[in-house]
Amino acid sequence: MTFSMRDLDEALQGCGQKSGIEIWRIENFKPVTVPKESHGKFFTGDSYIVLKTAASRSGSLHHDIHYWLGKDSSQDEAGAVAIMTVELDSALGGRAVQYREVQGHETEKFLSYFKPCIIPQEGGVASGFNHVKPEKHQTRLYICKGKHVVRVKEASQLTVPFARSTLNHDDVFILDTESKIFQFSGSNSSIQERAKALEVVQYIKDTYHDGKCDIAAVEDGRLMADAEAGEFWGLFGGFAPLPKKSALRDHQTAESDGLKLSSVEKGQTKPIEAESLQKELLDTNKCYILDCGLELFVWKGRQTSIDQRKSASKAAEELFRSSVRPKSNLVSVMEGFETVMFRSKFDSWPATSAVAEPQHGRGKVAALLQRRGVNVQGLVKTSSSSSKDEPKPYIDGTGNLQVVWRINREEKIPLEAAEQSKFYSGDCYIFQYSYPGEDREESLVGTWLGKQSVEEERASAISMASKMVESMKFMPAQARIYEGKEPIQFFVIMQSFITFKGGLSDTFKKYIAENEVPETTYDAEGIALFRVQGSGPENMQAIQIEAFSTGLNSSYCYILHGDSTVFTWRGNLTSSDDQELMERMLDLIKPNENTKAQKEGSESEQFWKLLGGKSEYPSQKIKKDGESDPHLFSCTFSNENLKVTEIFNFTQDDLMTEDIFILDCHTEIFVWAGQQADPKKKPKSLAIGEKFLKHDFLLENLASETPIYIVTEGNEPPFFTRFFTWDSSKSAMHGNSFQKKLAILTNKGKPLVDKPKRRVPAYSSRSSVPDKPQPRSRSMTSTPDRARVRGRSPAFNALAANFENIGTRNQSTPPPMVSPLVRKLYPKSLAPDLTPRSAAFAARTALFEKSRPTPQETPSSLGPAEATNEAEAPKTTEDESMSSIREDSKEEEEEEAEEEGSSLPTFPYERLKTDSEDPPPSDIDLRRREAYMSSAEFKEKLEMTKSEFYKLPKWKQNKLKMAVHLF
């Protein structure tokens, strides 16, 4: 017997067709729809059905069905609502997961739907309770438990009355009076529990006080000397010591003596004897009950009837009635759609992997015809249309690839600009990329580990990169990337990326020699085959593969060279965009050489000869793992063992500053470390991510080479924040989680920092398009000798605008040694026959000779920004301060210091630090450390407003001017 949507009760028909939550209350054994404004309000005498519908990234709908039982609801009603959920599941396709929720012992997933909490009210339909809001406010005491979701109990619902003995040192309590809400935090409660309880305080304030009442935080141990503590204890009749143990602890738990598997036949359970749990024990024609003590599972085979499934649900309900299980939950799953928790109970469970569906009908015929060169437009989707499905990078591609190092044993070898996007598979690399952020320049430090690289060099590269990030106070995000698993962000940074076989490092060469491995390092004069891929000029790659015809694919373009000949080959399933990318990559691999174009099906004998002869090859595009819906996990540690807890329906507020979290997106994972996380664990964030991949907590076949990002609180990159509705002002706040949320609560919901919100599109289960695409012309990416046009940070541009004419040149293009602006302002200081070194010193000296034009110079001879400043001097306090500085009696002394500073030696920033192991000579002036920094490093430290700039000594102002003009 099948069950369709029209067979359901009228109130349930048509449900589950769009994302969201739908709720029905059971009245006289019939479901009645609960309006949205009443979602989250539950009554202790009622039963409810809650349907959660979510759209996956592929667009398919996923359903979770919960039935909630109030503590005063009847057993008959509980049995009836269980049957209704079975029918609802069948009508929705039989793929939903069903949960039995008992008041006070709800699953965290259920509670996450109604953040911050649910507070069931007394009464219900059967009792005739009319649900009228009382006219006079009643003082209530609530007990809050939980770090991630809050379980709230009202003291009147417990065996212990509202009295001082109700309080304890372990929990957080909320006392709701008519004029003030008190939060009492037990001395043994965690910071996270206190912070989460504040969300409940906000909820009570908004719900029961219309947002108008005072809030007081009382800490356990603060006695009558504190005014708010005295007021709080006065409501309990005065202070007295609290009991060491809580009177509210419910010690009644379900004992478990192991896992028990039983089959359900004709409403009766039959134990199954087995030494270990194997999936093979489950028959697709039967239903089973797995008893785990604190939780119960019902497994339904695909071939079972709806009557069998109803019978299994009734049998599970009977188990609850016949035994004392106050905290047990019931989860019902369908074969093929088991939860991770259910699968983890078995000693062995076959791995499930997504298999590409074979082509049938029109698609298969179209593919065969197109391989033969037939125009099949309209019959099959080409790769040009699939480019729209490419993942979005969510990183500004106009940044600056500052430096790329190749690792050679224990040293970093910087690469020339033309070689920065050419990697060898046998080597490891470190790259540093900076890009414009919200209000400052942000950075990403990453390691790229080749497939053929040696483990020793991989460890060295990761260690060096970690030390770089640590030396920069963990501000940059850190990435660990393996060849073949590169994320879209990496390709956008590199733009034109080429991977060669073999390696150049001494370690790789030594490994080849010792293990007698054939030498395969790329030879520009030898035979080499490259597969070209990508989505556009800002994201294209050429990957060297084995030079055999089996490596060809009808969906790609290729470059083949050997015997002084260069071939290009295009498959019949490629588009004009793919062919354009091939031409661009050809300019980088074999520029200025004649090529022989080959089309699939009409290749020359010489082409096949270079590839060792013609053979069969595939036609479908290489399928990459798609990004799945993200999962957030909180990390805890026990004797160095990693334990994780999933946070359902997560938001930014779930990221607690004391903890470490992992965001699992399947194709990449993020390790987020709070500012107040354990300082011993924080530097081990990468190792934590690797442990997570190894354990594969979601049983999703995560590869150990999956990219890992390390992100610290306050420095979150946009490709991390896109999974949240992000408010960067929250992450910039200081203090622990409790202090932050208390500050927001007492400031009417606004963070106590003046910082604009990061403009990042909120995460959606469907891919969204960034606000502003970042197109680039071919000339910026196809020529290796030309520096890529990059952007500056907003702060740097703002300061630069005060000293140079923006219209004289492209800001992102490096100026000549003597810029047009300098030539205009200081014509006497320039000489046409200067050598590069002398020109640099001359330019610096010219910049320091005059910080401002003389009174005889007219405003027309100045740049726009400077002319404006001069014209508005009498009107603004800033310019008045400038004028006073100009008239200061110490000006001559400062100018002498300027001239002296222009000829000072320079030292790296690391040597100028107070804790440097290699300090500069002792005769330098320690009060003027910046004067001894190179202009490039001084520019990197640049982060100030115009008003702050003019408060600096003049020698520092000129140092900044030099940095702006020369860079």
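Computed from a predicted structure; not experimentally measured.

A. Representation of the overall build of the chain. Across its full length, the chain holds 27 helices and 32 strands. The buried share among the 967 residues of the chain stands at 50%. Counting only contacts in the chain whose residues sit at least 6 apart along the sequence, the fraction spanning at least 24 positions is 68%. When the accessible surface of the chain is summed, it comes to about 47,600 Å², and 49% of that surface belongs to carbon and sulfur atoms.

B. The arrangement of the packing of helix α3 (residues 191-208) against helix α17 (residues 737-746) in detail. Contact geometry for α3 and α17: axes closest at 8 Å, N-to-C directions at 20°. Between α3 and α17, the angle is such that the two are roughly parallel. For the pair α3 and α17, the sense of crossing is left-handed. Contact residues: I191, R194, A195, K196, L198, E199, V201 and Q202 in α3; S737, F738, K741, L742 and L745 in α17. The residue makeup of the contact of α3 with α17, split by class, is seven nonpolar, two polar and four charged.

C. Structural detail: the environment of D46. Turning to its location among the elements, D46 is positioned in the loop between β2 (30-33) and β3 (47-55). Through-space distance from the C-alpha of D46 to that of I26 is 6.9 Å; in sequence the pair is 20 residues apart.

D. Structural view of the packing of helix α1 (residues 75-91) against helix α5 (residues 306-322). Packing of α1 against α5 brings their axes to within 10 Å, and their N-to-C directions diverge by 150°. With respect to each other, α1 and α5 are oriented roughly antiparallel. For the pair α1 and α5, the crossing hand works out as right-handed. Mapping the contact onto sequence places Q75, D76, A78, G79, A82, I83, V86, E87 and S90 in α1 and I306, R309, K310, S313, K314, E317 and R321 in α5. Along the lines of polarity and charge, the residues of the contact of α1 with α5 split into five nonpolar, four polar and seven charged.

E. Examining the sheet that holds strand β25 (residues 557-562) more closely. Read from one edge to the other, the open sheet built from seven strands follows the order β18-β22-β24-β23-β25-β26-β27, with strand pairing classed as mixed. Each having just a single partner strand, β18 (422-424) and β27 (595-599) make up the two edges of the open sheet. Here the strands of the sheet are splayed against their neighbours by 20° on average, with no regard to which way each runs. For strand β23 (residues 528-536) and strand β24 (residues 539-545), the ladder comprises seven bridges, and the chain directions are antiparallel.

F. Quick peek at the pairing of strand β6 (residues 140-145). For β6 and strand β8 (residues 172-176), the ladder comprises five bridges, and the chain directions are antiparallel. Along β8, the bridge assignment pairs I143 with F173. Turn length for the β6-strand β7 (residues 151-154) hairpin, with the two strands adjacent in sequence and antiparallel, is five residues, and the turn residue G146 shows positive phi of about 120°.

G. Spotlight on a positive patch on the surface. On the surface, a cluster of positive charge is contributed by K680, K684, K691 and K694. By the element assignment, K684 lies in the loop between β31 (669-673) and α14 (685-695). Exposure remark for K684: the relative accessible area of 42% places this residue in the partly exposed category.

H. Just the confidence of the model for the chain, in detail. Put simply, the chain has an average pLDDT of 79, and 71% of its residues get 70 or more. For the stretch residues 754-890, pLDDT sits under 50, and the model shows 204 contacts to residues farther than four places along the chain or on other chains. The low-confidence segment residues 896-901 (pLDDT under 50) makes seven contacts with residues lying over four places distant or belonging to another chain.

I. Spatial organisation of the environment of G551. If you trace the backbone, G551 turns up in the loop between β24 and β25. C-alpha separation for the pair G551 and R531, spaced 20 residues apart in sequence, amounts to 8.6 Å. Every residue in contact with G551, bar those within four places of it in the chain, is listed here: I545 and Y558.

J. Representation of the pattern of salt bridges. Counted by the stated rule, this structure contains 23 salt bridges. Linking E199 and K196 is a salt bridge whose minimum nitrogen-to-oxygen distance equals 3.4 Å. Taken as a pair, E199 and K196 lie in helix α3 at a separation of three residues, close to a single helical turn. Here K196 falls in the buried class, since its relative accessible area comes to 3%. Residue K286 is joined to E265 by a salt bridge in which the shortest nitrogen-to-oxygen separation is 3.3 Å. Taken together, the residues K286 in the loop between β12 (268-271) and β13 (287-291) and E265 in strand β11 (residues 260-265) connect sequence positions 21 residues apart. Among the charged side chains, a salt-bridge network with shared partners connects K115, K196, E199, D654 and K741.

K. Expanded view of the packing of aromatic side chains. In this structure the tally under the stated criterion is 52 aromatic pairs. Judged by centre distance (5.7 Å) and plane angle (70°), the rings of Y522 and F530 are edge-to-face. The class for Y522 is buried, based on a relative accessible area of 15%. Residue F530 is classed as buried on the basis of its relative accessible area, which comes to 0%. An aromatic cluster is built from F650, F670, Y709, F719, F720, F723, F724 and W726, whose rings are joined through pairwise contacts. In this arrangement the basic side chain of R531 is found over the ring face of Y556, its NZ or CZ atom lying 5.6 Å from the centre. The positively charged end of K621 is found above the aromatic ring belonging to Y556, 4.4 Å away from the centroid.

Calculation criteria
Residues numbered from 1 in each chain as written. Predicted model: local features only at pLDDT ≥ 70, side-chain atom pairs only at ≥ 80, totals over all residues. Heavy atoms only, no water. Helix = DSSP H or I, 4+ residues; strand = E, 2+ residues; numbered from the N terminus. Buried < 20%, exposed > 50% of the residue type's maximum accessible area, 1.4 Å probe, protein only. Contact = heavy atoms within 4.5 Å. Areas by Shrake-Rupley, 256 points an atom, 1.4 Å probe, with all protein chains shown as cover. Axes fitted to C-alpha atoms, helices over the stretch in contact; angles between N-to-C directions. Parallel < 35°, antiparallel > 145°, perpendicular 65-115°, else oblique. Left-handed = near helix turned anticlockwise from the far one by under 90°. Nonpolar A, V, L, I, M, F, W, Y, C, P; charged D, E, K, R; others polar. Pairing = 2+ DSSP bridges. Patch = residues over 30% accessible without salt bridge, like charges linked within 9 Å, V, L, I, M, F, W, Y side chains within 5 Å. Salt bridge = Lys/Arg side-chain N within 4 Å of Asp/Glu carboxyl O. Lys, Arg positive; Asp, Glu negative; His and termini not counted. Charge placed at Lys NZ, Arg CZ, Asp CG, Glu CD. pLDDT = per-residue confidence, 0-100. Phe/Tyr/Trp six-rings, centres within 6.5 Å; stacked < 30°, edge-to-face > 60°. Lys NZ or Arg CZ within 6 Å of the ring centre and 35° of its normal.

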